[in-house]
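# Fold and geometry: a report
Spelled out, the chains give:
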Amino acid sequence: LRVPSSLAGNVKDINGFSNFTLGLDQAGKVYVWGYTKNPLSGSDLSHLPPALEGGAVRVAAGYDHAVAITPQGELVGWGNATQGQYPTDLSQIPGGRLDPARVDQLACGYQSAALVYEGKLYLWGNANAMLNMSALSEETARYTEETGVGVSQVALGSFNAVALYEDGTVTSGGVLGKQSTAVSSR
């Protein structure tokens, strides 16, 4: 997958998960390339939503969907949303709106997405596909509440996710699918 020539040398962010890649240039323009048509849903990820006409500050590519954050703090998703791949409601976020400067990370996976905002992890999507979604959400909320140590980053795979805390420890919420190995560095 070749980076568009107008993005080369001007990359602010680049992110891919499956057959397509998203890029963001220094001015906030969103680029999409690769195989962008989803044969199952009929969606074409190269067709950006109108909310992104003014650009974005963060982008993330998933298996069949994409998410972005606008400079005004709007979380925008496009592509397939039949499994809740992107939220339509930010009621979990204090104030119901994002401050782009306080977003630590935006990530996508297989029918799922995540936001690390002010050290807190927000996950959404298909909990039947991301097998540890509930456990990871509960573990990170509990650990942050008990220790005051926030989440720094999250990595979403095809069926599981792991979180990195600000203190350097890693957790999967106590489970990695049905396996009982390498569940935490604590």
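What comes next is a walk through the structure. (Residues numbered from 1 in each chain as written. Predicted model: local features only at pLDDT ≥ 70, side-chain atom pairs only at ≥ 80, totals over all residues. Heavy atoms only, no water.)

With that settled, consider the nonpolar core. Of all hydrophobic cores here, the largest spans 16 residues; its most connected members are L121, L123, V154 and L156. Sorting the residues of this core by element identifies β8 (112–117), β9 (120–125), α1 (133–147), β10 (151–156) and β11 (161–165) as the ones contributing at least two each. When neighbours within four sequence positions are excluded, L156 is seen to be in contact with F17, A107, C108, G109, S112, A113, A114, M130 and A161. (Core = buried A, V, L, I, M, F, W, Y, C linked by side-chain atoms within 4.5 Å. Buried < 20%, exposed > 50% of the residue type's maximum accessible area, 1.4 Å probe, protein only. Helix = DSSP H or I, 4+ residues; strand = E, 2+ residues; numbered from the N terminus. Contact = heavy atoms within 4.5 Å.)

For the rest of this paragraph, the subject is α1. The α-helix advances 3.6 residues per turn, and as a result positions three or four apart in sequence lie on the same side. With 15 residues, α1 ought to run about 21 Å at 1.5 Å a step, and its terminal C-alpha atoms sit 21 Å apart, in line with that. Turning to α1, its buried residues are M133, L136, E139, T140, Y143 and T144. Down the axis of α1, the buried side of the element spans an arc of 135 degrees, and every buried residue falls inside it. Every exposed residue of α1 that faces more than 90 degrees away from the buried side is listed here: E138, E145 and E146. Contacts made by the buried residues of α1 are with β8, β9, β10, β11 and β12 (170–171). G148, located one to two residues past α1, shows a positive phi value of around 80 degrees. (Expected span 1.5 Å × (residues − 1). Arc of directions from axis to C-beta.)

Our next topic: the sheet that holds β11. The sheet built from three strands is open, its strands ordered β10-β11-β12 with antiparallel pairing. Both edges of this open sheet fall to β10 and β12, since each of them pairs with a single strand only. Contacts from α1 reach β10, β11 and β12 within the one sheet, and its direction differs from that of β11 by about 10 degrees. (Pairing = 2+ DSSP bridges. Axes fitted to C-alpha atoms, helices over the stretch in contact; angles between N-to-C directions.)

Right, let's talk about the side chain of T140 for a bit. Positionally, T140 belongs in helix α1. Within polar-contact distance, the side chain of T140 engages the backbone oxygen of S137 at 3.2 Å. For T140, the contacting residues outside a window of four places in its chain are L121, V151, A163, Y165 and T171. (Polar contact = N/O pair within 3.5 Å; in protein donor to acceptor, adjacent residues only side chain to side chain.)

The next thing to look at is the packing of aromatic side chains. Evaluated as defined, the whole model comprises three aromatic pairs. Where Y63 meets Y110, the ring centres are 4.9 Å apart and the plane angle is 55 degrees; that geometry is what we call tilted. Of the two residues, Y63 sits in the loop between β4 (58–61) and β5 (65–69) while Y110 sits in the loop between β7 (103–108) and β8, which places them 47 residues apart along the sequence. Exposure remark for Y110: the relative accessible area of 23% places this residue in the partly exposed category. Where Y143 meets Y165, the ring centres are 4.2 Å apart and the plane angle is 45 degrees; that geometry is what we call tilted. One end of the pair, Y143, is in helix α1; the other, Y165, is in strand β11, and 22 residues separate them in sequence. Cluster of aromatic residues (ring-pair linked, three or more members): Y63, Y110 and F159. (Phe/Tyr/Trp six-rings, centres within 6.5 Å; stacked < 30°, edge-to-face > 60°.)

For the rest of this paragraph, the subject is the pairing of β11. Side-chain positions along a regular strand alternate between the two faces of the sheet. Side chains of β11 alternate between two faces, with A161, A163 and Y165 buried and V162 and L164 left unburied. Of the pairings in the sheet, the one linking β10 to β11 comprises five bridges and is antiparallel in character. In the sheet register, V154 faces β11, and the bridge partner there is A163. Hairpin remark: β10 followed by β11, antiparallel, with four residues in the connecting loop. Where β11 lies against β12, two bridges are found, and the strand directions are antiparallel. Considered in β12, the bridge of A163 is made with T171. Between β11 and the antiparallel strand that follows it, β12, lie four residues; G168 among them carries a positive phi value of about 95 degrees.

It is worth spelling out the sheet that holds strand β3 (residues 30–34) at this point. Each strand in a sheet pairs with its neighbour through backbone hydrogen bonds, running either in the same direction (parallel) or in the opposite one (antiparallel). Sheet architecture is open: three strands sit in the order β1-β2-β3, paired in antiparallel fashion. Two strands lie at the open edges of the sheet, namely β1 (11–16) and β3, each paired on one side alone. Strand-to-strand twist in this sheet, taken as the mean axis angle between neighbours without regard to direction, amounts to 20 degrees.

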